[in-house]
Amino acid sequence: LLVPQFAPIVGSVVLPVLGAVPDGMMVLFSGLGPDAQNQVSVGVGALAGSTIMLLTLPWFLAVLFGRVTLKDGTPTYKRPTSANAQTWEKLDPKSKWSLLGTGVGYDETIKTAAKMMMGSTV
């Protein structure tokens, strides 16, 4: 999995299969038995829960580890020219757990994707 020349195959084939096979098995085996209809609905519920977790956990980790200090609401990804190159850090240690003093930046593509995701829930 860590060989760079196989990265396109791993990302587009192997990882989706590794994610889909357990989900399919949960739904398949939940439908076995005398009360299949109710059992399948439990399996589909478990599938929905695992999908939500697989979407939420990476998003949370990306935001947590990608945040930087905010100056006037703008993320400071690049060192200001007035800052000392030896001591400047993207995430200020004094406010690294501040909810309003740290954050991530986003662009128009994120807004568009969010709108499409919200629209697809209707």
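Residues numbered from 1 in each chain as written. Predicted model: local features only at pLDDT ≥ 70, side-chain atom pairs only at ≥ 80, totals over all residues. Heavy atoms only, no water.

Right, let's talk about the sheet that holds strand β1 (residues 68-71) for a bit. If you trace the 3 strands from one edge of the open sheet to the other, you get β2-β1-β3, paired in antiparallel fashion. Of all strands in the sheet, those bounded by a partner on one side alone are β2 (74-75) and β3 (102-103). Bridge count for β1 against β3 is 2 bridges, and the pairing is antiparallel. By the bridge assignment for β3, T69 is matched with T102. (Pairing = 2+ DSSP bridges. Helix = DSSP H or I, 4+ residues; strand = E, 2+ residues; numbered from the N terminus.)

Let's shift gears to the layout of surface pockets. Approximately 400 Å³ is the volume attributed to the largest pocket. If you trace the largest pocket, you find it lined by L55, T56, W59, V63, V104, G105, Y106, I110, A113, A114 and M117. Within the residue set of the lining of the largest pocket, elements represented by two or more residues are α2 (36-66) and α3 (108-120). Here the lining of the largest pocket is built from residues that sort into 9 nonpolar, 2 polar and no charged. (1 Å grid on protein atoms, 1.4 Å probe; cavity = no way out; pocket = protein on both sides within 12 Å on 5 of 7 lines; lining within 4 Å. Points joined across faces, edges and corners; volume = space filled by probe spheres on them. Nonpolar A, V, L, I, M, F, W, Y, C, P; charged D, E, K, R; others polar.)

This paragraph deals with the environment of Q5. Within the secondary structure, Q5 sits in the segment before α1 (7-30). For Q5 and D72, which are 67 residues apart along the polypeptide, the C-alpha to C-alpha distance reads 43 Å.

In this structure the tally under the stated criterion is 0 aromatic pairs. For R67, the ring lying beneath its charged end belongs to W97, and the centroid distance is 4.8 Å. (Phe/Tyr/Trp six-rings, centres within 6.5 Å; stacked < 30°, edge-to-face > 60°. Lys NZ or Arg CZ within 6 Å of the ring centre and 35° of its normal.)

Time to look at the packing of α1 against α2. At a minimum axis distance of 7 Å, the contact between α1 and α2 shows a crossing angle of 165°. Overall, the two elements α1 and α2 adopt an arrangement that is roughly antiparallel. As for the relative orientation of α1 and α2, their crossing is right-handed in sense. Contacts between α1 and α2 involve D23, M26, V27 and S30 from the first element and A36, Q39, V40, G43, V44, A46, L47 and S50 from the second. (Axes fitted to C-alpha atoms, helices over the stretch in contact; angles between N-to-C directions. Parallel < 35°, antiparallel > 145°, perpendicular 65-115°, else oblique. Left-handed = near helix turned anticlockwise from the far one by under 90°. Contact = heavy atoms within 4.5 Å.)

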